Amino acid sequence: MDLTITTLEGKDAGKVQLSEEIFGLEPRDDILQRVVLWQLARRQQGTHQTLTRGEVARTGAKMYKQKGTGRARHHSARAPQFRGGGKAHGPVARSHAHDLPKKVRALALRHALSAKVKASDLIIIDDLAAAEAKTKLLVSQFANLGLENALLIGGSEIDANFKLAASNIPNIDVLPVQGINVYDILRRGKLVLSKAAVEALEERFK
């Protein structure tokens, strides 16, 4: 399939041929969901933890004698039923990450790219570069291109001026091509790829 390449100023810069195997698939929601859940699970800190009865700072002595009081038989005040006691079956610090085959992750990335093409939300820019780090200028260029909520993917290195100028714009994310991922593609409305990013993706999935 052929897509038109534009410049940041909105001018025509030729056409690029996109691979059907990367950008022309029929998107599958189940595969996309699996990878999004995998990514979010890896992001979870998993630092939530409560104290068990063996960890609370309280005496372990028997509360009162076993017989003759007419009360229930208790031992330590660390037991979960008492105020200040340990928590029974509480959360423990752990990793929420789980395994997902590399082939599934790679397939999901292609489906995410194809989903943007199918929704007409993919824009190809010849080069993501700015002569100076001026946010105001970049905002006006994005407005002309209709970019209010977008993920911009550059080559292996992002132009320093462009990165600085774009960092202050809300709902705009800028990543190098090696940082492209399913979650960030789907969470933004538009996907903007530089020519270098398209070439790198074609080479990656060759």
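Residues numbered from 1 in each chain as written. Predicted model: local features only at pLDDT ≥ 70, side-chain atom pairs only at ≥ 80, totals over all residues. Heavy atoms only, no water.

Engineer: Give a detailed account of the sheet that holds strand β5 (residues 172-175), specifying residues and quantitative values.
Structural biologist: Read across the open sheet, the 6 strands follow the order β2-β1-β3-β6-β4-β5; overall the sheet is mixed. Only two strands of the sheet have a single partner each, and these edge strands are β2 (12-17) and β5. Averaged over all adjacent pairs, the angle separating strand axes in this sheet is 30°, with direction ignored. (Pairing = 2+ DSSP bridges. Helix = DSSP H or I, 4+ residues; strand = E, 2+ residues; numbered from the N terminus. Axes fitted to C-alpha atoms, helices over the stretch in contact; angles between N-to-C directions.)

Engineer: Run through the pattern of salt bridges, naming residues and quoting values.
Structural biologist: Scanning the model with the defined rule gives 7 salt bridges in all. K190 is paired through a salt bridge with D121; the nearest N and O atoms lie 3.3 Å apart. Of the two residues, K190 sits in strand β6 (residues 190-194) while D121 sits in the loop between α3 (102-118) and β3 (122-125), which places them 69 residues apart along the sequence. The partner of R188 in a salt bridge is D173, and the shortest N-O contact between them spans 3.0 Å. Residue R188 is found in the loop between α6 (182-187) and β6, and its partner D173 is found in strand β5; the two are separated by 15 residues along the sequence. Assessed through its relative accessible area of 11%, R188 is described here as buried. By sharing partners, the salt bridges in this structure join D173, D184, R187 and R188 into a single network. (Salt bridge = Lys/Arg side-chain N within 4 Å of Asp/Glu carboxyl O. Buried < 20%, exposed > 50% of the residue type's maximum accessible area, 1.4 Å probe, protein only.)

Engineer: Before we move on, could you go through the packing of aromatic side chains and cite the residues and values that matter?
Structural biologist: Within the structure shown, the criterion is met by 1 aromatic pair. Geometrically, the ring pair formed by F142 and F162 is edge-to-face, given 6.3 Å between the ring centres and 70° between the ring planes. Here the residue F142 occupies a position in helix α4 (residues 135-145), and F162 occupies one in helix α5 (residues 160-166), the gap between them amounting to 20 residues. Each member of the pair F142 and F162 is classed as buried. (Phe/Tyr/Trp six-rings, centres within 6.5 Å; stacked < 30°, edge-to-face > 60°.)

Engineer: Quick rundown of the domain arrangement of the protein chain? Include the residues and the values.
Structural biologist: Per the domain assignment, the segments of the protein chain are domain 1 (2-45 + 96-205) and domain 2 (47-93). The gap between the C-alpha centroids of domain 1 and domain 2 is 54 Å. (Domains from an automatic or database assignment.)

Engineer: Tell me what's going on with helix α7 (residues 195-204), and back it up with residues and numbers.
Structural biologist: Looking at α7, one finds that the buried residues are A197, V198 and L201. The arc that holds the buried residues of α7, viewed along the axis, is 100°, so those residues lie on one side. Those residues of α7 that are exposed and angled more than 90 degrees off the buried face are E199 and E203. On the buried face of α7, the contacting elements are β2, α1 (20-23), α3, β3, β4 (150-153) and β6. (Arc of directions from axis to C-beta. Contact = heavy atoms within 4.5 Å.)

Engineer: Let's hear about the pairing of β4: which residues, and what values?
Structural biologist: Residues A150 and L152 of β4 are buried on one face, and the alternating residues L151 and I153, pointing to the opposite face, are buried as well. Bridge count for β4 against β5 is 4 bridges, and the pairing is parallel. Each bridged residue has a counterpart across the sheet, and for L151 the counterpart in β5 is D173. Taking the sense of rotation as the criterion, the β-α-β connection linking β4, α5 and β5 turns out right-handed. (Right-handed = clockwise from strand over helix to strand, strands pointing away.)

Engineer: Break down the environment of K116 for me, with residues and values.
Structural biologist: Mapped onto the secondary structure, K116 falls in helix α3. Under the relative-accessibility criterion, K116 is labelled buried at 8%. Residues K116 and K190 lie 74 residues apart in sequence; the distance between their C-alpha atoms is 7.5 Å. Here K116 is in contact with D121, L122, I185, R188, G189 and L191, once residues within four sequence places are set aside.

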